[in-house]
Amino acid sequence: MHATRPRATAAGTTAHRWPDLPQIAYGGDYTPEQWPREVWADDIARMHDAGVNLVSIGIFAWGLLEIREGDFDFGWLDEVIEMLHAAGIRVDLGTPTASPPAWFFANHPDARAVTRDGVALGFGARGMVSHSAPAYREASVRIATELAKRYGNHPAVVLWHVHNEYGVPVGEDYSPHAVREWRRWLENRYGSIEALNAAWGTAFWGQHYEQWEHIGAPAAAPSVVNPAQRLDFARFTDDQLLSCFIAERDAIRAHSDRPITTNFMANQHGGVDLWKWAAEVDVVSDDHYLWAADTEAEIGLAIAADLTRSVGGGDPWLLMEHSTSAVNWQPRNIAKRPGEMARNSLSHLGRGADGILFFQWRASRSGAEKFHSAMVPHAGASSRVFREVVDLGAKLGRLAEVRGSRVHADVAILWDFESFWAQDLEWRPSVDLSHDERIRAYYERLWRDGITVDFALPGHDLSGYRLVIAPAQYLLRAADAENLNAYVAGGGVLVSSFFTGVVDEHDAVHAGGFGAPLEPSLGLRVDEHLPLREDEVAGIAFDGETYAADIWQEDLAISGADVRAVYTAGPAAGAPAVTRNVSGDGVGWYVSTRPDAAGLRAIMASVYRDAGLEPAGLPAGVESVVRHGDDADYRVVINHSDETVSLGMSGVDLLTQTTLEGTLVLGGGEVAVVRTSRPQ
Ligand code: GLA
């Protein structure tokens, strides 16, 4: 079907640039300001033991760098940077603007962020600032400029780390500064108040506006606030945060040519559209923490890693933070067991990371994060965790040649932040609708089948993919629907899950009804949504077998599709549930319910046949991803199971320097990185 190799989903305009590092990056957030000087020497010695070559410093140190407004004290930072430089450890230098100091809020009480309920946030945690406040914008650019002037050409500084995790803890802000900027943003977006009224559908509930000054932020209200207004406020918030990043970035660029990043959180999509952001950074970096309640958290990790690579257009990326063991902020903070940290690290690397960093180097004795694990835990260098940190450093030290190699995928799953923001608003047909859950279900199927996935936007050039899956594309712009239809007509295979193609960019239902924009591909529209009751389990009959299916059914109005499964129970009993439609040279599948894992497996087996895909046939619990280099391929294999497994493979395991002649034997929990010669 597709002769050419799939292309990465190019994200944007910035050409990514990797920092000057001799190895795979290895290290973590380093906070010497929390420790007496005697500990600094011990830190350096231990970093040497562990093979650490990059540390992130200064991220939360504003209060110790600018003592009073405009009064800087860089003495201690000079010392730290010189000490690291002398030890050959490179620096990722933070701008501390995620957490302004006490004096800032004392001098500018109006610069505090305000919640949707009208609470002005207090000092004593971190964040709490209004990103629209002029005083914050001025102060953050000032400290970034001072840092860049002082350290911008220092040989130890190879990377800039602007701010920290934009969007948390403060994303949406309802302060007067935000409202002023919001009105400006709306005028700019719509040009006329009539256009805004039309886009927001303000004829509904008498919300018509005559003046920009009458438009407020969508603060807490007696009932559900206009969803188009809320969706625009989410876009505005993202733009405000991004403009703060760009202001700092450009202030640094005026004095330093070192690459600049800010750390994303790919597994949380609260408020930041990473497709846009990835186009503005020199290095895409991500923070990832396992969700401890998930007994197969490695699948969630793989989603985050593949998404990070995808937003960066396939370029190598940096794992800026993960944990050596437990975090401290989940309901039950489950410690990682022996080998798990290495497996997690290698999963990220296999999915395109050229650097593995942790939060943090040394566990803090004081403060809110003292129960968070670290590379040097409270138990010190004789601990199991530190021994594994040293071992991981040695392993990564053997992988320098993997740097720069790239992951190719034949399958793309659509991931559209705007659609998620819209779907998450109130008064949807069922509380059981979850984009995360649907994406995980489809992704999990592919993960178990050893098929590598990219994520993409529905407007991207998808022509290089054999299969595109839309598990949760509730909001679908008309132009993007046309792109998907052209993809299918041109020979692609599309699988669409339910509640897709429902609204346009203003959260208005598409003319023609649910799913109408995808009718050319799917050969149907959706007549009516039929959510199921809590715990109600219906079923589908597919290829002679019956499978459980729950939460949702639909009445489909079929205009051309073949019926592949019917409902066996529930409100649509006897009616079509799963369809397949031939459109041009391609195929569009529609799955109008949530089948159980066996049902989805059966459906996807048929989809794979249409797309010319084969499951890799991996033993259960084994993850395997290939990175393609200029001269060799690198197969990263991770055994998440407790069983010893054998896989057919020849090459050299770079971790053990063993030559494999046909078989890789991997013990329970073990990892391998095999350089394979490329098939001729
Ligand atoms: C985030 C932050 C870090 C730290 C970790 C703890 O990722 O960026 O400063 O709080 O969480 O898991």
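These numbers were taken from a predicted model, which means no experiment stands behind them.

**With respect to the site of the ligand**
For the ligand, the full set of nearby residues is Phe60, Arg126, Asn164, Glu165, Asp287, Tyr289, Glu321, Trp329, Phe359, Glu369 and His372. In the model, an oxygen atom of the ligand is placed 2.8 Å from a nitrogen or oxygen of the arginine 126 side chain. In the model, an oxygen atom of the ligand is placed 2.3 Å from a nitrogen or oxygen of the glutamate 369 side chain. Here the ligand loses 96% of its free accessible area of 300 Å² to cover by the protein chains. Of the residues assigned to the shell around the ligand, the class counts are four nonpolar, two polar and five charged.

**Things to note about the pattern of salt bridges**
Two side chains bearing opposite charge may form a pair once their charged atoms approach each other closely. The tally for this structure, following the rule as stated, stands at 47 salt bridges. Among the salt bridges present, the one from aspartate 449 reaches arginine 445, with a minimum N-O distance of 2.9 Å. Across the pair, exposure class does not vary: aspartate 449 and arginine 445 are buried alike. The network of salt bridges with common partners includes Asp42, Asp43, Arg46, Asp49 and Arg362.

**Focus on helix α5 (residues 134–151)**
Between its first and last C-alpha atoms α5 spans 26 Å; for 18 residues at 1.5 Å apiece the expected length is 26 Å, and the two agree. Within α5 the residues assigned to the buried category are Ala135, Tyr136, Ala139, Ser140, Ile143, Ala144, Thr145, Leu147, Ala148 and Tyr151.

**A few points about a nonpolar patch on the surface**
Where nonpolar side chains cluster on the molecular surface, the patch consists of Phe204, Trp205 and Trp427 and spans about 440 Å² of accessible area. Relative to the elements of secondary structure, tryptophan 205 occurs in the loop between α7 (193–200) and α8 (227–253).

**Quick look at the domain arrangement of the protein chain**
Note: interface size is frequently given as the accessible area lost on complex formation between the parts. Along its sequence, the protein chain is organised into domain 1 (25–172 + 245–401), domain 2 (411–611) and domain 3 (622–677). When each unit is reduced to the centre of its C-alpha atoms, the spacing between domain 2 and domain 3 is 35 Å.

**Quick word on helix α12 (residues 384–397)**
Along an α-helix, a turn takes 3.6 residues, which lines up residues three or four apart on a common side. With 14 residues, α12 ought to run about 20 Å at 1.5 Å a step, and its terminal C-alpha atoms sit 20 Å apart, in line with that. What α12 keeps buried is the set Val385, Phe386, Glu388, Val389, Leu392, Gly393, Lys395 and Leu396. Where α12 is buried, its residues contact β1 (25–30), α1 (37–50), α11 (340–350), β11 (353–358) and β28 (671–676).

**A word on the packing of aromatic side chains**
The tally for this structure, following the rule as stated, stands at 32 aromatic pairs. For the pair phenylalanine 104 and phenylalanine 105, a centre-to-centre distance of 5.2 Å together with 90° between the ring planes defines the contact as edge-to-face. Note on phenylalanine 105: relative accessible area 8%, which makes it buried. Taken together, a centroid distance of 5.9 Å and an interplanar angle of 20° make the contact between tryptophan 182 and tryptophan 200 stacked. Highlighted residues: tryptophan 182 in helix α6 (residues 176–190) and tryptophan 200 in helix α7, separated in sequence by 18 residues. As far as the burial class goes, tryptophan 182 and tryptophan 200 line up, both buried.

**Things to note about the sheet that holds strand β14 (residues 467–470)**
Strand order in this open sheet of 10 strands is β13-β12-β14-β15-β22-β21-β20-β17-β18-β23, and the pairing throughout is mixed. Two strands close off the open sheet at either side, each with one partner strand: β13 (453–456) and β23 (594–595). Note: strand β15 (residues 493–497) against strand β22 (residues 586–591), five bridges, orientation parallel. Considered in β22, the bridge of serine 496 is made with tyrosine 590. Relative to the sheet, helix α14 (residues 435–448) contacts β12 (411–414), β13, β14, β15, β22 and β23, its axis offset from that of β12 by approximately 170°.

**Observations regarding the sheet that holds strand β9 (residues 285–287)**
An order of β7-β6-β5-β2-β1-β11-β10-β9-β8 is seen for the nine strands of this open sheet, with the pairing classed as parallel. The two strands at the open ends of the sheet, each matched to only one other strand, are β7 (260–261) and β8 (263–264). This element, α11, spans β10 (317–321) and β11 of the sheet and lies at about 145° to β11.

**A closer look at unusual backbone geometry**
At the junction of valine 168 and proline 169, the peptide bond is cis and its omega measures out at -5° in the coordinates. Relative to the helices and strands, proline 169 resides in the loop between β6 (157–162) and α6. With omega at -5°, the peptide bond leading from phenylalanine 359 into glutamine 360 counts as cis. Unlike most non-glycine residues, isoleucine 551 shows phi in positive territory, near 60°. Counting through the fold element by element, isoleucine 551 comes out in the loop between β18 (545–550) and β19 (552–558).

About the criteria used
- Residues numbered from 1 in each chain as written.
- Predicted model: local features only at pLDDT ≥ 70, side-chain atom pairs only at ≥ 80, totals over all residues.
- Heavy atoms only, no water.
- Near = heavy atom within 4 Å.
- Polar contact = N/O pair within 3.5 Å; in protein donor to acceptor, adjacent residues only side chain to side chain.
- Areas by Shrake-Rupley, 256 points an atom, 1.4 Å probe, with all protein chains shown as cover.
- Nonpolar A, V, L, I, M, F, W, Y, C, P; charged D, E, K, R; others polar.
- Salt bridge = Lys/Arg side-chain N within 4 Å of Asp/Glu carboxyl O.
- Buried < 20%, exposed > 50% of the residue type's maximum accessible area, 1.4 Å probe, protein only.
- Helix = DSSP H or I, 4+ residues; strand = E, 2+ residues; numbered from the N terminus.
- Expected span 1.5 Å × (residues − 1).
- Patch = residues over 30% accessible without salt bridge, like charges linked within 9 Å, V, L, I, M, F, W, Y side chains within 5 Å.
- Domains from an automatic or database assignment.
- Contact = heavy atoms within 4.5 Å.
- Phe/Tyr/Trp six-rings, centres within 6.5 Å; stacked < 30°, edge-to-face > 60°.
- Pairing = 2+ DSSP bridges.
- Axes fitted to C-alpha atoms, helices over the stretch in contact; angles between N-to-C directions.

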